[in-house]
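Fold and geometry: a report
Here's the letter readout for the chains.
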Amino acid sequence: MNFNLSKYMCGRVTLTKESVPVNHRFAKQVNEAELVPNYNIGPTQKVGVINSEEPEHLQFLSWGLQITVNHHPTLLLNARADTLLERKTFAPLLEAGQTCFMLVDSYYEWSTTSKANRHPYRILLKDNDLFGIAGLYKRIVDEQTGEETIQFTSITTEPNPMLSKIHDRMPAILPIGHEMDWLKPQANPKDYLTMLQPLNEKLLQMYTVSNEVGKLTNNYPDLIKPYEYPAQPEQLSMF
DNA sequence: CCAGACGTTGTT
DNA sequence: GTCTGG
DNA sequence: CCAGACGTTGTT
DNA sequence: GTCTGG
């Protein structure tokens, strides 16, 4: 079996808020973290994460868990929810309660259902609120310096009907309002998996955005604006 | 995830 | 086409 | 015991 | 680090 390691879903997110109301469930974490609105966060970049060790703090961690595959260092951005307990890399983390979630207010997805109309979409809650994407984290100690860092990967699951129109996976968005349950120790590792269901599409909205978002160095408010693409005729495979 | 590169040796 | 870097 | 692996998505 | 295969 050949694996292509360079392709992932759920590889871009945003955290555009500077603050939230004081009675918001994430008020403590967000309002103490001195947020800088970010419209284009990608792999290896710092993303706001809350983990089971310090659920009261929003930390900014580099996105990706590094492992070695075929002698090559490989960055894992995503872990599949359905095989978490079968994977040597992920099962020990789940069993040890090394759970976390990315705190974001949208993610980008490039539609793959049509070659002619391959555009980036922005997906967010209908009420534009913050949400959590489930993940697993790992402490890494540098042998030389003794320096300790935290790496993490986000979790993907089956798409709901709305998102299945553009992609065959979606991020494991934690149940709205119950995000902290993901950080609590579970009696059985399997109990974690029940929290990794596709989020109901009724809570979500999506729209196409400019392909300027593809370039990771672009980062400005216009990236999250709706952008209409002229309809392209599908390529016919015959004639 | 997309964008962008895609090569080696020796010398500074 | 396929890998690397961000 | 040691050696070697350890992973996901998209496209066809 | 930890598991699997030999």
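Right above here is the structure, for reference.
Predicted, not measured: the structure shown is a model, and the values here were computed from it. (Residues numbered from 1 in each chain as written. Chains lettered and ligands numbered in written order. Predicted model: local features only at pLDDT ≥ 70, side-chain atom pairs only at ≥ 80, totals over all residues. Heavy atoms only, no water.)

In terms of nonpolar packing, the biggest core is built from 57 residues, with Val13, Met102, Phe152, Ile155, Trp182 and Leu204 touching the most fellow members. Broken down by secondary-structure element, the contributors of at least two residues to this core are strand S1 (12-15), helix H1 (27-31), strand S3 (46-51), helix H2 (91-95), strand S8 (99-104), strand S10 (120-125), strand S11 (131-141) and strand S12 (148-157). For Val13, the residues in contact, after removing those within four places along its chain, are Tyr39, Asn40, Ile41, Val47, Trp63, Met102, Val104, Ser106, Tyr107, Tyr108 and Ile133. (Core = buried A, V, L, I, M, F, W, Y, C linked by side-chain atoms within 4.5 Å. Buried < 20%, exposed > 50% of the residue type's maximum accessible area, 1.4 Å probe, protein only. Helix = DSSP H or I, 4+ residues; strand = E, 2+ residues; numbered from the N terminus. Contact = heavy atoms within 4.5 Å.)

A full pass over the atoms with the stated rule returns three aromatic pairs. Ring geometry for Phe26 against Phe101: centres 5.9 Å apart, planes inclined by 50°, an arrangement best described as tilted. Of the two residues, Phe26 is situated in the loop between S1 and H1 and Phe101 in strand S8; the sequence distance between them amounts to 75 residues. With a relative accessible area of 0%, Phe101 lands in the buried category. (Phe/Tyr/Trp six-rings, centres within 6.5 Å; stacked < 30°, edge-to-face > 60°.)

A few words on the pairing of S3. When you tally the buried positions in S3, you get five out of six residues, the bulk of the element. Where S3 meets strand S4 (residues 59-62), four bridges bridge the pair, whose relative direction is antiparallel. Across the sheet, the residue bridging to Val49 is Gln59, located in S4. As defined by bridge partners, S3 adjoins S8 across three bridges and the pair is classed as antiparallel. Its bridge partner lying in S8, Ile50 is registered against Phe101. (Pairing = 2+ DSSP bridges.)

Attention now moves to the side chain of Thr208. Here Thr208 lies in strand S14 (residues 204-208). A relative accessible area of 14% means that Thr208 is categorised as buried. In this structure the side chain of Thr208 is engaged in a polar contact, spanning 2.6 Å, whose partner is the backbone oxygen of Tyr227. Excluding anything up to four places from it in sequence, Thr208 contacts His119, Pro120, Tyr121, Lys225, Pro226, Tyr227, Glu228 and Tyr229. (Polar contact = N/O pair within 3.5 Å; in protein donor to acceptor, adjacent residues only side chain to side chain.)

Mapped onto the fold, Thr156 is located in strand S12. The class of Thr156 is buried, set by a relative accessible area of 3%. One polar contact links Thr156 to Arg169, side chain to side chain, over a distance of 3.1 Å.

A few words on unusual backbone geometry. A negative phi angle is the norm for most residues apart from glycine, just as the trans form is the norm for most peptide bonds. A positive phi angle is found at Glu34, which is not glycine, with a value near 50°. With respect to the element layout, Glu34 can be found in the loop between H1 and strand S2 (38-41). On the basis of relative accessible area, Glu34 is assigned to the exposed category, the value being 72%. One non-glycine residue, Thr44, lies in positive phi territory at about 70°. Following the sequence through the fold, Thr44 ends up in the loop between S2 and S3.

It is worth spelling out the environment of Gly11 at this point. Residue placement: Gly11 occurs in the segment before S1. Placed 84 residues apart in sequence, Gly11 and Glu95 show a C-alpha to C-alpha distance of 25 Å. With residues up to four places along the chain from it excluded, the contact list for Gly11 reads Ile41, Gly42, Pro43 and Trp63.

We now examine the sheet that holds strand S9 (residues 106-110). Strand order in the open sheet formed by five strands is S2-S1-S9-S10-S14, with antiparallel pairing between adjacent strands. What marks the edges here is a single partner per strand, and that holds for S2 and S14. This sheet shows a mean twist of 25° between the axes of neighbouring strands, independent of strand direction. As paired strands, S9 and S10 are joined by four bridges and run antiparallel to one another. In the sheet register, Tyr108 faces S10, and the bridge partner there is Arg122. (Axes fitted to C-alpha atoms, helices over the stretch in contact; angles between N-to-C directions.)

Position of Gln197 among the secondary structure elements: in the loop between helix H3 (190-193) and S14. A relative accessible area of 46% means that Gln197 is categorised as partly exposed. On a C-alpha basis, the gap between Gln197 and Leu174 in space is 7.9 Å, while along the polypeptide they are 23 residues apart. Among residues more than four places away in sequence, those in contact with Gln197 are Thr157 and Ile173.

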